[in-house]
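Overview (structure and organization)
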Amino acid sequence: MAAAVNIVEVGPRDGLQNEKEIVSVGTKVTLIERLASAGARSVEAGAFVSPKWIPQMAATDEVMAAIRRKPGVSYPVLTPNLKGYEGARAAKADTVAVFGAASEAFSRKNINCSVAESIERFKPVFEAAKAEGVRVRGYVSCVLGCPYEGRIPVRNVVRIAKALYDLGAYEISLGDTIGVGTPRETKAILSAVAGEVPVAKLAGHYHDTYGQALANIWASLEGGVATFDSSVSGLGGCPYAKGASGNVATEDVVYSLHQSGLATGIDLDALIETSLWISEKLGRRPQSKVTLARMPKA
Ligand code: HMG
Ligand code: MG
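Described in the following lines is the structure provided in the data block. Treat the numbers as computed from the prediction; the structure is a model and nothing was measured. (Residues numbered from 1 in each chain as written. Chains lettered and ligands numbered in written order. Predicted model: local features only at pLDDT ≥ 70, side-chain atom pairs only at ≥ 80, totals over all residues. Heavy atoms only, no water.)

Some details on the sheet that holds strand β3 (residues 46–47)
Formally: The pairing criterion for strands is at least two bridges between them, as found by DSSP. Helix and strand definitions here come from DSSP, where helices need a minimum of 4 consecutive H or I residues and strands a minimum of 2 consecutive E residues; each element is numbered from the N-terminal end. For this analysis, residues touch if any pair of their heavy atoms sits within 4.5 Å. Note on method: axes are straight lines fitted to C-alpha atoms, helices fitted across the in-contact stretch only, with angles between N-to-C directions ranging 0 to 180 degrees.
Pairing is parallel in the open sheet, where 9 strands are placed in the order β2-β1-β9-β8-β7-β6-β5-β4-β3. Both edges of this open sheet fall to β2 (42–43) and β3, since each of them pairs with a single strand only. Taken strand by strand, helix α9 (residues 213–222) contacts β7 (171–176), β8 (202–206) and β9 (227–230), and its axis lies near 165 degrees from that of β8.

Details of the environment of A270
Position of A270 among the secondary structure elements: in helix α11 (residues 268–282). Between the alpha carbons of A270 and A4 there is a distance of 19 Å; along the sequence they are 266 residues apart.

Brief notes about the layout of surface pockets
We count it as follows: Here the term cavity refers to a set of points on a 1 Å grid, laid over the protein atoms alone, in which a 1.4 Å probe fits but cannot get out; the term pocket refers to an open set having protein on both sides within 12 Å along at least five of seven lines, with lining residues being those that place an atom within 4 Å of a point. Grid points are joined across faces, edges and corners, and a volume is the space filled by probe spheres set on the points. Amino acid classes used here: Ala, Val, Leu, Ile, Met, Phe, Trp, Tyr, Cys and Pro are nonpolar; Asp, Glu, Lys and Arg are charged; the rest, including Gly, are polar.
Considering only enclosed or pocket space, the largest pocket measures out at about 570 Å³ in volume. The wall of the largest pocket is formed by 32 residues, among which V49, P80, F99, N110 and I111 lie closest to the centre. At the level of secondary structure, the elements contributing two or more residues to the lining of the largest pocket comprise α1 (11–15), α4 (82–90), α5 (104–111) and β6 (135–141). Residues that form the lining of the largest pocket fall into these classes: 16 nonpolar, 12 polar and 4 charged. Size it by volume and the second largest pocket reaches roughly 450 Å³. As for the second largest pocket, its lining consists of 20 residues, of which G234, L235, S245, G246 and Q287 are closest to the centre.

Observations regarding the packing of helix α6 (residues 115–132) against helix α7 (residues 154–167)
Going by this rule: These descriptions rest on fixed angle ranges, namely under 35 degrees for roughly parallel, over 145 for roughly antiparallel, 65 to 115 for roughly perpendicular, and the rest for oblique. In this scheme the handedness of a crossing depends on how the near helix is turned from the far one: anticlockwise by less than a right angle means left-handed, clockwise means right-handed.
Running from N to C, α6 and α7 cross one another at 15 degrees; their axes reach a closest spacing of 10 Å. Here α6 is positioned roughly parallel relative to α7, judged by the angle of their axes. In this structure, the crossing between α6 and α7 has a hand that is right-handed. Along the contact surface, α6 presents V115, I119, F122, K123 and F126, while α7 presents I160, A163, L164 and L167. Looking at side-chain class alone, the contact of α6 with α7 contains 8 nonpolar, no polar and 1 charged residues.

Shown next, in the form of structure tokens:
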């Protein structure tokens, strides 16, 4: 098992994309900067997607222009096609993420095309990124279940993960989009995907709808995965996966890892303060058990 774990903080993107009220550019910028100063080395800053589909991400160019970038920190953005990639490059992104799915129905609902068509849309993104030295991350949604199709055959997960890796993704993030997976299923998916993609290139992206995400992280660590996506305060969900809750809370992951002697480089106290701050801004209780336990009692 790895002695150090990479956390990809997805709160400013996955966490906020589902918010109904538009969160101001200023709040997003402060959130991103606070997460980076708490020690996160990768902070997903937004998405260059259609503003008609995801209004909350419409001002990602303004967010990218305003953040003070900390050396050593990357600020990836989602890019579903070449238009998104061009927006990301205009905003000086040096890391982008394409997002595919293991489920046909989810692919159509989320990005309006079949899985095969999505690969065709991603190809020019990979080509342009390669020519410009931009790193491309590859997401695979619905690896442990789909809101429309239910269980997804393991071979479909393996096929899309391999396709993204073969196109040049530096990392494949396996998404339990609706948070239904359990540790045993997670291990089975990982070992199947690891037959085609080196396990060191895999990341776990677990939503916490059924409270399984932290257990799935530990199952993945035992399987050799050392990179996990998480969201400050457990914010978020996907607009095309109704009822799914946010990613596992970063505070809960950091606490569990640190208490077990695994390093993340993240300052838990600073993270909890950030979680309390963004929760207050959004007018809700933090979803992190660790933050709730540490919250000053009234
Ligand atoms: P489309 O309608 O099929 O695209 O949408 P199109 O190429 O036919 O273009 C239609 C319009 O969209 C045109 O504008 C384009 O210019 C515009 P119009 O002429 O009508 O004014 N357009 C764009 N605008 C801005 N940026 C772009 C872009 N592309 C086209 N990149 C599209 C296809 C992919 C754009 C659309 O379906 C979309 O934006 N979907 C967004 C989906 C999304 O962001 N979902 C949430 C993130 S994924 C997620 O949360 C899962 C993840 O966390 C992992 C997990 O948990 O499993 C990653
Ligand atoms: Mg997600």
